[in-house]
Amino acid sequence: KRKMDVSMQEKKILKNTSMLLIFNIAKMLFPFITLPYLTRVFTTETYGTVAYVKTVMNYMQIVVDFGFMLSATKDIVNAQNDKEKMERAIGETLTAKILLWLIALLVLLVLICVLPILRVNVAYTLLSFVVVFESIFLMDFLFRGLEIMHIITIRFVLMKTISTVLTFVLVKNDGDLLLIPLLDILGSFIAVVLVIYEMRKMDLKICFTGMKKVVSSIKDSFVYFISNMASMSFNALGTLIIGIELTGTEVAYWSVCMQMVNAVQAMYTPITDGIYPEMIKTRDIGLIKKILKYMIPTLTMGCICVYFMAEIILNILGGKEYVNAVPVFRWLIPVLFFGFLAILFGWPTLGVIGKTKETTATTVISAIVQIICLAILIVTNRFTLITVAIVRSVTELVLFGTRFGCFLKYKNILNDKKKG
């Protein structure tokens, strides 16, 4: 019976990891389908605007999500045998997200007044923010907690297929810029309808509780929010400052490079997300060791291949104008290697043994290192795309180093928990 339970456990992990792998392949594939098209139909200045507003929206999304992807997922996992408790968790999370969206809206209005690129593209910025509102009702935390990842995958593929196909059909030049967020709004709306349908099938309702519980859930998620905000700063902060210090064309160069880096890192997520619910239950250090055994050689070979193929990749995805960014992309390759290790030794390892503060601290320390380095570049007049790329790689190394140090310090807790 024990062997059967282990076998079923492994099959469940494999299924969920496979679904998340498909999800993240789609997450990587759809932007790469539209990237070569948009970089050719838009001027570099206009594509720079698209990338810059997307970066700002990523920050807004972090504010709205506020770490609920981890804290609310944990609540759902712990409430699987109590439907009423689960419905309360759903209601508390949705209410909290709506309140946070209103706060994010106020922040965005201030940023529109302050940042030139947003001020010139107010309509585009506000329409993009509608998609952030729709994301509140996608409820990834619910389906992750229930370990039914196929719903997340199907929903995402559907919404992105719709917006991508319509992008090719309707977007032809700079004058069609506003169609980009409008098509995303349409795709997200259809995805929300699918989520509502799935909830009705499961006979799950939304139970709204008092504001005291909502505030409590926000407090519980705060540490995850700080960690996620700091993590987001690794990629997004450079883009925001480049938009202020350099030209729109350089924003476009940097964004194309980072989009490739983010696409590769998106492939890491199904592995860490796939084991996260299981690690909450078992705290099995063996899972971490198995993943490291297979991933280290894969990461090494992948980074070597990417280095030598950088020019070909940029030429295919961005066009001849973006080949100038090859040196920048090569300096970002260490992010691909250390990024996976930093993610793995974060929430799936330290987080599940209660080292939430330590996990967050490593992220905050790394973000502070990045901010200090970027400030030094600006003050010393050495702020270029290459120096920003070097800082980004150093930041990822610091994040991995601090988390691995914590892992070595507390790894016996994992072993003790397992034995107990």
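None of the values given here were measured: they were computed from a predicted structure.

Caption draft 1: Expanded view of the pattern of salt bridges. For the structure shown, the criterion picks out six salt bridges. Two residues, Arg155 and Asp140, come together in a salt bridge whose shortest N-O distance is 2.4 Å. Separated by 15 residues along the polypeptide, Arg155 in helix H8 (residues 149–170) and Asp140 in helix H7 (residues 140–145) bring together distant segments of the chain. Considered together, Arg155 and Asp140 belong to a single accessibility category, that of buried residues.

Caption draft 2: View of helix H11 (residues 248–266). The terminal C-alpha atoms of H11, which comprises 19 residues, lie 26 Å apart, in line with the 27 Å expected from a rise of 1.5 Å per residue. Summarising burial for H11: 15 of the 19 residues are buried, a large majority.

Caption draft 3: The arrangement of a nonpolar patch on the surface in detail. A surface patch of nonpolar side chains, amounting to about 740 Å² of accessible area, comprises Met301, Ile304, Tyr307, Phe308, Met309, Ile312 and Ile316. When contributions to the nonpolar patch are tallied by element, the ones reaching two or more residues are helix H13 (285–308) and helix H14 (310–317). Of the residues forming the nonpolar patch, the biggest block, four residues, is contributed by H13. Among the structural elements, Met301 can be located in helix H13.

Caption draft 4: Inspection of the packing of aromatic side chains at higher detail. Considering all chains together, one arrives at 20 aromatic pairs under this definition. A centroid spacing of 5.6 Å and a plane angle of 75 degrees characterise the contact between Tyr253 and Tyr322, whose relative ring orientation is edge-to-face. Highlighted residues: Tyr253 in helix H11 and Tyr322 in the loop between H14 and helix H15 (326–331), separated in sequence by 69 residues. The exposure classification of Tyr253 matches that of Tyr322, with both residues buried. Note on Phe345 and Phe400: the rings are 6.3 Å apart at their centroids and 50 degrees apart in plane angle, and the pair reads as tilted. You can see Phe345 sitting in the loop between helix H16 (333–344) and helix H17 (356–379) and its partner Phe400 sitting in helix H18 (residues 385–419), a full 55 residues away along the chain. These aromatic residues form a ring-pair network of at least three members: Phe337, Phe338, Phe345, Phe400, Phe404 and Phe407. Directly above the ring of Tyr307 sits Arg330, whose terminal nitrogen or CZ lies 4.6 Å from the centroid. Sitting over the ring of Tyr410, Lys355 keeps its end group 4.2 Å from the ring centre.

Caption draft 5: The arrangement of the side chain of Lys355 in detail. Tracing the sequence through the fold places Lys355 in the loop between H16 and H17. For the buried residue Lys355, which engages in no salt bridge, the nearest side chain bearing the opposite charge is Glu358, 4.4 Å off. If sequence neighbours within four positions are ignored, Lys355 has contacts with Leu350, Tyr410 and Ile413.

Caption draft 6: Region of the structure containing the nonpolar core. Phe42, Ile90, Leu142, Trp254, Leu332 and Phe340 are the most contacted members of the largest nonpolar core, which totals 135 residues. With residues up to four places along the chain from it excluded, the contact list for Phe340 reads Tyr268, Ile271, Ile291, Met295 and Leu299.

Caption draft 7: How the structure looks around the environment of Ile343. Relative to the helices and strands, Ile343 is located in helix H16. On the basis of relative accessibility, which here comes to 28%, the residue Ile343 falls in the partly exposed class. With sequence-adjacent residues up to four places away left out, Ile343 is seen in contact with Tyr268, Thr272, Pro348 and Arg403.

Caption draft 8: Expanded view of the packing of helix H2 (residues 44–65) against H11. Here H2 crosses H11 at 55 degrees, and the two axes come no closer than 7 Å. Taken as axis vectors, H2 and H11 run oblique relative to one another. As for the relative orientation of H2 and H11, their crossing is left-handed in sense. Taking contact as the criterion, the partners of Thr44, Glu45, Tyr47, Gly48, Ala51 and Tyr52 in H2 are, on H11, Gly248, Thr249, Val251, Ala252, Ser255, Val256 and Gln259. For the contact of H2 with H11, the class distribution of residues is six nonpolar, six polar and one charged.

Caption draft 9: Summary view of unusual backbone geometry. A positive phi is found at Phe66, a non-glycine position, where the angle reads about 50 degrees. Within the secondary structure, Phe66 sits in the loop between H2 and helix H3 (68–78). Backbone geometry places Asn381, a non-glycine residue, at a positive phi of 60 degrees. With respect to the element layout, Asn381 can be found in the loop between H17 and H18. The exposure class assigned to Asn381 is exposed, which follows from its relative accessible area of 72%.

Caption draft 10: How the structure looks around the packing of H11 against H16. H16 packs onto H11 with a crossing angle of 25 degrees between their chain directions and a minimal axis gap of 10 Å. Taken together, the axis directions place H11 and H16 in an arrangement best described as roughly parallel. As H11 packs across H16, the resulting crossing turns out to be right-handed. Across the interface between the two elements, Val261, Val264 and Gln265 of H11 pack against Val335, Leu336 and Gly339 of H16. Residues that form the contact of H11 with H16 fall into these classes: four nonpolar, two polar and no charged.

Caption draft 11: Molecular detail of helix H10 (residues 211–245). Compared with the 51 Å implied by 1.5 Å per residue over 35 residues, the 42 Å span of H10 between its first and last C-alpha is markedly short. In the structure, H10 departs most strongly from a straight axis at Phe234, where the bend amounts to approximately 50 degrees.

Caption draft 12: The arrangement of the side chain of Arg392 in detail. Following the sequence through the fold, Arg392 ends up in helix H18. Sequence-distant contacts of Arg392, defined by excluding residues within four places in its chain, comprise Phe234, Asn235, Met258, Gln265, Leu332, Val335 and Gln370.

Caption draft 13: Spotlight on the confidence of the model for the chain. For the chain, the mean per-residue pLDDT works out to 86, and 95% of the residues sit at or above 70. Under a pLDDT of 50 for its full length, residues 1–6 has, in the predicted model, zero contacts with residues more than four places off or in other chains. Of the regions scoring below 50 in pLDDT, residues 416–420 engages in four contacts with residues more than four places distant in sequence or in other chains.

Reading the values: the criteria
Residues numbered from 1 in each chain as written. Predicted model: local features only at pLDDT ≥ 70, side-chain atom pairs only at ≥ 80, totals over all residues. Heavy atoms only, no water. Salt bridge = Lys/Arg side-chain N within 4 Å of Asp/Glu carboxyl O. Helix = DSSP H or I, 4+ residues; strand = E, 2+ residues; numbered from the N terminus. Buried < 20%, exposed > 50% of the residue type's maximum accessible area, 1.4 Å probe, protein only. Expected span 1.5 Å × (residues − 1). Patch = residues over 30% accessible without salt bridge, like charges linked within 9 Å, V, L, I, M, F, W, Y side chains within 5 Å. Areas by Shrake-Rupley, 256 points an atom, 1.4 Å probe, with all protein chains shown as cover. Phe/Tyr/Trp six-rings, centres within 6.5 Å; stacked < 30°, edge-to-face > 60°. Lys NZ or Arg CZ within 6 Å of the ring centre and 35° of its normal. Lys, Arg positive; Asp, Glu negative; His and termini not counted. Contact = heavy atoms within 4.5 Å. Core = buried A, V, L, I, M, F, W, Y, C linked by side-chain atoms within 4.5 Å. Axes fitted to C-alpha atoms, helices over the stretch in contact; angles between N-to-C directions. Parallel < 35°, antiparallel > 145°, perpendicular 65-115°, else oblique. Left-handed = near helix turned anticlockwise from the far one by under 90°. Nonpolar A, V, L, I, M, F, W, Y, C, P; charged D, E, K, R; others polar. Bend = angle between axes of the 7 residues up to and from the residue. pLDDT = per-residue confidence, 0-100.

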